Amino acid sequence: MRHIVVPIIFACLFFSYEHPSACTVFYASIGDVVLAGNNEDWKNPNTKIWFVPAKDGKYGGVYFGFDKPIIHGSWVSQGGMNEKGLFFDVTATKPVKVEIPAGPKKPFFDGWDLIRERIMFECATVKEALDMLDQFQYPPGTRKSTMRGMYIIGDATGDAAIIGAFGVVRKKGQFIVATNFHQSETMDEKRYSCPRYRVASDMLQECPELTVKYCRAVLSATHQKGKYCTRYSNIYDLKKQRVYLYHMHDFNNAVFIDLKK
């Protein structure tokens, strides 16, 4: 598959995470509006954006990732959206050893990462993604015994889910938020001590109208400073397949990407 590459000075997060506080991702749907947002917090200022054209029945898309690592000759996507409006992002968490469940054995995925390598190129909805995920051993990688992060996926229909070490958490209500703890480990919201999670959840709960401007305010309120600062932020319009991109938490200036064009 041919990649069209555009280098930019941004940064992102990979699962080999070294700092306990990084990244805020959310997904919200109100009426006909479906938006997702993320702050990518990390120390490396050298990331890439690339576009993958549709080919051989595979969906095209826009993806973001570091200049390192490189796996199988390609950059590792840390987030992105395909042409059907399916998006994903990742957040780092404490390492968790995942036990393979008892019962009928499913095959391991013949690759290094099911979501990045197949789901984003073959699925249009969260339902399709979870159906594909269910065909293989969990977690969604090749013989991984430890997960060091979570995936959040969402589509243009209003459906979203978080895929983590302890299972899948489905979106209930108008929004879902992921930071850097396992929601599937504890469903007691009183134990959610991450301030970015609380701020984003409170703002989305009180959202008077779901707009790009309001999502920008949520990202601004949860951005990080310092060595592991927010290197870039995205707002995805999943129905229109558009992305608003902000560099170094400068929310007054956006790079606008129309994926259809």
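The structure under discussion appears in the preceding block.
The following refers to the structure shown. Keep in mind that this is a model prediction, so the values were computed, not measured. (Residues numbered from 1 in each chain as written. Predicted model: local features only at pLDDT ≥ 70, side-chain atom pairs only at ≥ 80, totals over all residues. Heavy atoms only, no water.)

**Some details on the pattern of salt bridges**
Move 1: Enumeration according to the criterion identifies six salt bridges in this entry.
Move 2: Between Glu 122 and Arg 118 there is a salt bridge, and its shortest N-O distance comes to 3.1 Å. Remark: Arg 118 and Glu 122 occur in helix α1 (residues 114-122); sequence separation between them is four residues, near one turn of the helix.
Move 3: What makes Glu 122 partly exposed here is its relative accessible area of 27%.
Move 4: We note a salt bridge from Asp 159 to Arg 170, for which the minimum N-O separation is 2.8 Å. (Salt bridge = Lys/Arg side-chain N within 4 Å of Asp/Glu carboxyl O. Helix = DSSP H or I, 4+ residues; strand = E, 2+ residues; numbered from the N terminus. Buried < 20%, exposed > 50% of the residue type's maximum accessible area, 1.4 Å probe, protein only.)

**Considering the nonpolar core**
Across soluble globular proteins, you tend to see nonpolar side chains buried next to one another.
Move 1: Counting 28 residues, the largest nonpolar core has Phe 88, Ile 119, Ile 153 and Ile 163 as its most contacted members.
Move 2: Looking at this core, the elements that each hand over two or more residues are β4 (47-52), β7 (87-97), α1, α2 (126-133), β8 (146-154) and β9 (160-164).
Move 3: In this view, Phe 88 contacts Tyr 63, Ser 77, Gln 78, Gly 79, Gly 80, Ile 115, Arg 116, Met 120, Tyr 151, Ile 152 and Ile 153; residues no more than four positions away in its chain are not counted.
Move 4: By size, the runner-up hydrophobic cluster in this structure holds 24 residues, among which are Ile 162, Ile 176, Tyr 232 and Leu 245. (Core = buried A, V, L, I, M, F, W, Y, C linked by side-chain atoms within 4.5 Å. Contact = heavy atoms within 4.5 Å.)

**As for the packing of α1 against α2**
Move 1: Taken N-terminus to C-terminus, the directions of α1 and α2 make an angle of 135 degrees; their axes are 10 Å apart at the nearest point. Classed by the angle they form, the pair α1 and α2 counts as oblique. Our pair here, α1 against α2, has a crossing hand that is right-handed. When α1 is examined against α2, the residues Leu 114, Arg 118, Ile 119 and Glu 122 are found in contact with a partner set consisting of Glu 128, Ala 129, Met 132 and Leu 133. (Axes fitted to C-alpha atoms, helices over the stretch in contact; angles between N-to-C directions. Parallel < 35°, antiparallel > 145°, perpendicular 65-115°, else oblique. Left-handed = near helix turned anticlockwise from the far one by under 90°.)

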